[in-house]
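Each chain is listed here by its residues.
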Amino acid sequence: MIQPILNLIFGITVLIILTIFLFPKYGLYAMYKKSKISKQKIYVEDSLKFLYESEYEKLSITLNQLSGYLKVKGESFKNILHRLEEMNLAEITDDNIKLTKQGSEYALRIIRTHRIWEKYLAEETSIRESEWHSEAEEKEHSLTESEVEEINKKIGNPLYDPHGDPIPTKTGELPPFIGLSFYVFAEGETVRIIHIEDQPKEIYKKIIEQNISVGAVINILKIGKDSVEIELNGKKIRLTSELIKNITLEKIKTEVYFPAGAIPLSDLEKGKNAVVLSILKSCRGQQRRRLLDFGIVPGSKISTEIESLGNDPRGYKVRGAIVALRNNTAKQILVEKV
Amino acid sequence: MNKKNIIKKAEKYRWEIGDDFHDAVIETIYKEASSIAENTVTDKNVSSTLDFKLDRILTSKIYGFPIMLALLAIVFWLTIQGANIPSAFLSYLLVDLLHGLLKSFSAFLSMPNFIDGILIDGAYLSAAWVVSVMLPPMAIFFPLFTLLEDFGYLPRVAFNLDGIYQRVGAHGKQALTMTMGFGCNAAGVVASRIIDSPRERLIAIITNNFSLCNGRWPTQILIATIFIGSVVPSYVAGIVSSAAVIFIAVLGVLFSFAVSWSLSNSLLKGVGSAFSLELPPYRPPRFWQTIYTSLIDRTLIVLWRAVVFAAPAGVVIWLVANVEINNITLAKYFVDFSNPFGMMLGLNGVILLAYIIAIPANEIVLPTILMLTTLTVNIAGAGVGNGVLFETDSINATAEILKAGGWTTLTGLSIMLFSLLHNPCSTTIYTIYKETKSMKWTFVATFLPILLGVIVCFFTAQVWRIFAG
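Residues numbered from 1 in each chain as written. Chains lettered and ligands numbered in written order. Predicted model: local features only at pLDDT ≥ 70, side-chain atom pairs only at ≥ 80, totals over all residues. Heavy atoms only, no water.

Enquirer: Can you break down helix α2 (residues 21-40) of chain B residue by residue, with the values?
Expert: When the terminal C-alpha atoms of α2 of chain B are compared, their 29 Å separation across 20 residues agrees well with the 28 Å that a helix rising 1.5 Å per residue should span. Those residues of α2 of chain B that fall on the buried side of the exposure criterion are Asp23, Glu27 and Ser34 of chain B. Across the axial projection of α2 of chain B, the buried residues extend over an arc of 35 degrees, all falling on one side. Across from the buried face of α2 of chain B, at angles greater than 90 degrees, the exposed residues are Ile29, Asn39 and Thr40 of chain B. Of the surrounding secondary structure, the elements contacted by the buried residues of α2 of chain B are α11 (285-293) of chain A. (Helix = DSSP H or I, 4+ residues; strand = E, 2+ residues; numbered from the N terminus. Expected span 1.5 Å × (residues − 1). Buried < 20%, exposed > 50% of the residue type's maximum accessible area, 1.4 Å probe, protein only. Arc of directions from axis to C-beta. Contact = heavy atoms within 4.5 Å.)

Listed below in structure tokens is the structure:
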């Protein structure tokens with residue numbers, strides 16, 4: 001009678017100890033792995049990244065701002081500054097801090113690692129979008145240069161990370177901060193105008209006449225071969241290709257705008273027909289390629305055919321075949337009822 | 001324009017065009033292709049209305065599940081009933097008749113006892129055993145299953161069940177590989193190829209072992225009859241022991257859900273995942289072709305692998321039971337050594353040894369246990385001879401041997417649990433390696449079930465001992 005009780009206690013203890021050791025993220029083993037990267041290195045690299053990103057957007061940074069960003073104060077902050085100067089990565093004048101050339105190069109490497117890792121997570125894994133950044137924040141300090149290059153090759157030398165920020169090239173080049181053209185975006189996305197080229201004058205005038213100005217937030221409705229349709233303050237505007245060449249944009253990280261009349265495929269009732277408008281950018285990697293393989297592209301006719309118990313997944317008829325999609329995928333396909 | 005300028009300009013455009021032009025290219029190609037098709041192809045649309053009606057019924061919210069359960073029940077019933085006669089015949093032919101002939105032939109040649117034992121009682125007998133138990137059910141189950149697949153019904157099952165699998169981070173098609181696993185885990189692992197998403201495929205492969213396979217059903221039924229059926233009044237014994245076996249099978253399904261969920265949230269969290277399921281049009285199955293391919297592709301390949309592993313294991317089994325040091329067999333050494341640990345799990349040393357040396361096939365676990373039990377407790381008159389696999393003629397005889405070996409109801413319950421939760425057979429392990437090409441996942445798939453089995457058996461045994469004495 002005593003022996004089994006003792007055994008039971010022993011067994012439970014072993015299980016608890018194993019859990020403490022092996023628990024993902026917070027277990028002792030995970031903590032040990034994390035602690036192997038030195039704290040100091042992380043702070044230095046984070047500072048470089050912050051300074052570089054600010055300088056890229058032409059902002060100058062005070063020591064207070066940096067301390068606020070790192071969430072470090074007092075003596076330890078001084079140590080970090082000392083280390084930055086000692087390694088000749090940054091210059092401090094009065095209250096301002098600036099990167100040296102070496103610092104910029106170092107920062108670009110970190111940024112490259114960070115953005116490539118984010119792209120990798122987005123394309124090749126099923127890690128949730130909300131976790132990309134924090135995962136990359138950790139990974140940027142531990143990946144070696146050759147590992148980064150290997151991943152980069154595997155995902156096809158991407159230019160932009162999943163948030164639309166450019167990835168520095170291996171030689172440390174970045175496009176000047178000019179923003180993006182219309183063709184980078186998909187129909188249905190919301191963007192901000194960050195630059196309007198004022199040469200040649202006539203074209204500039206034509207753009208201004210439409211009440212389009214720097215800073216304006218617009219919805220891209222339709223991207224055609226030689227014109228683009230946008231919505232600005234509730235008004236539809238058509239821009240010819242010679243106009244749009246002179247407008248540069250910036251992505252806004254907000255909810256995606258639905259064009260009028262568009263609904264997600266998951267809301268298409270059983271037995272109803274529709275035409276595919278677009279697949280949202282949030283649907284990426286394998287899943288996106290799979291959809292394209294099924295012929296789910298803008299213009300395809302699609303209808304809801306069958307529903308399973310619980311209505312997820314549902315079967316859609318597209319190009320004569322029935323394809324079952326889960327609702328979280330169908331939500332990312334915009335359709336218009338016909 | 002010189003070269004430098006061209007490159008510079010190209011770089012600039014590359015940044016401007018961005019990453020997503022691949023999509024645009026594909027979209028344009030599809031648009032073009034569909035407009036060409038629309039203009040040139042005329043669709044007669046003959047079968048699609050019938051398909052439509054069938055889909056309405058087979059994936060219906062009311063009839064979908066009952067139809068599915070009924071079809072599966074029929075397949076299992078046909079397999080179990082249909083396999084009895086050929087199994088008994090093969091067993092008579094290969095184990096009783098041919099083994100006896102080989103023995104007398106070797107006696108005629110006056111072969112040394114040692115070689116005769118290794119080759120005939122070891123290698124031949126265990127391979128013959130595996131063939132006679134394994135072949136008939138597989139030769140019935142796989143063609144039936146393949147016919148349903150060919151007809152187009154199985155994707156609909158995946159569709160019906162995906163809602164459940166989605167919640168545990170798996171793919172609806174895992175329902176199919178799991179069902180296939182009830183026939184044979186190695187075949188279930190191979191079948192996981194139909195899952196085209198890497199993460200879900202690995203989950204299906206790793207959890208396939210939780211489907212109680214063909215080789216384990218007979219053990220479960222026999223043990224349940226002897227140890228579970230006997231503790232209740234005899235008029236409910238049959239129902240209670242069948243319920244116990246079904247309970248174990250359902251427990252396996254629950255374990256596969258739980259493990260799928262934890263794998264998709266821990267070890268496999270980052271592996272890529274994409275869901276899609278094509279529901280092809282129904283078509284009359286190509287009967288003969290299906291039977292031919294399922295016999296060749298599924299049954300014979302698996303059987304061949306099993307035989308290849310069973311023969312050397314037969315040699316090991318024979319050696320362990322017959323090689324003696326200081327007049328004590330190797331088996332006895334190991335059994336005495338591992339008995340305390342076995343007892344902690346509600347099992348005993350004989351069972352542990354049997355599960356180690358009978359790794360090629362679950363089919364030979366019970367004969368090995370019987371052989372080792374008679375060997376270690378010296379039951380006179382049972383079995384064919386020292387260290388040779390055997391089966392008794394009646395359930396009562398088996399029960400007597402096991403009870404003489406010190407088995408209790410707890411031992412019966414524990415071995416039912418351990419039979420569900422232990423490493424896959426070597427055929428399956430090898431197949432997992434072939435399919436995943438990864439030592440890491442093969443390792444996980446092999447040792448995770450053992451770990452679970454040890455934990456479950458340990459706690460069951462302690463709780464049982466506290467409450468049942």
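Let us keep going from here.
Enquirer: Provide a residue-level description of the side chain of lysine 49 of chain A, including the pertinent values.
Expert: Residue and element names in this part refer to chain A. Within the secondary structure, lysine 49 is located in helix α3 (residues 39-56). Look at lysine 49 and you get buried, because its relative accessible area is 3%. In terms of polar contacts, lysine 49 uses its side chain to reach the side chain of glutamate 137, at 2.6 Å. In this structure, lysine 49 is in contact with Tyr69, Ala107, Ile110, Ile111, His114, Glu137 and Glu140, ignoring residues within four places of it in sequence. (Polar contact = N/O pair within 3.5 Å; in protein donor to acceptor, adjacent residues only side chain to side chain.)

Enquirer: Now, about the packing of helix α6 (residues 101-124) of chain A against helix α8 (residues 145-154) of chain A: what can you tell me, with residues and values included?
Expert: Residues and elements named next belong to chain A. One can describe the packing of α6 onto α8 by two numbers: an axis separation of 10 Å at closest approach and a directional angle of 40 degrees. In this view, α6 runs oblique relative to α8, as classed from their interaxial angle. At the point where α6 passes α8, the crossing takes the left-handed sense. Listed contacts from α8 to Arg109, Arg112, Thr113, Ile116, Trp117, Tyr120 and Glu124 of α6 are Glu145, Val148, Glu149, Ile151, Asn152 and Lys154. (Axes fitted to C-alpha atoms, helices over the stretch in contact; angles between N-to-C directions. Parallel < 35°, antiparallel > 145°, perpendicular 65-115°, else oblique. Left-handed = near helix turned anticlockwise from the far one by under 90°.)

Enquirer: Describe helix α14 (residues 349-357) of chain B, with residues and values.
Expert: Extensive coverage of α14 of chain B is indicated by the burial of 8 of its 9 residues. Of the residues making up α14 of chain B, those classed as buried are Gly349, Val350, Ile351, Leu352, Leu353, Ala354, Tyr355 and Ile357 of chain B.

Enquirer: Pulling in residues and values, what's your account of the sheet that holds strand β8 (residues 247-251) of chain A?
Expert: Residue and element names in this part refer to chain A. Judged by pairing direction, the sheet is antiparallel, and its 5 strands sit side by side in the order β7-β6-β5-β4-β8 without closing on themselves. Looking at the sheet topology across the chains shown, the edges are occupied by β7 (235-240) and β8. On average, adjacent strands in this sheet sit at an angle of 45 degrees to one another, irrespective of strand direction. Pairing geometry for strand β4 (residues 190-196) and strand β5 (residues 217-223), over 3 bridges, is antiparallel. The residue of β5 that forms the bridge with arginine 192 is valine 217. (Pairing = 2+ DSSP bridges.)

Remember that the coordinates give geometry; whether it matters functionally is a separate question.
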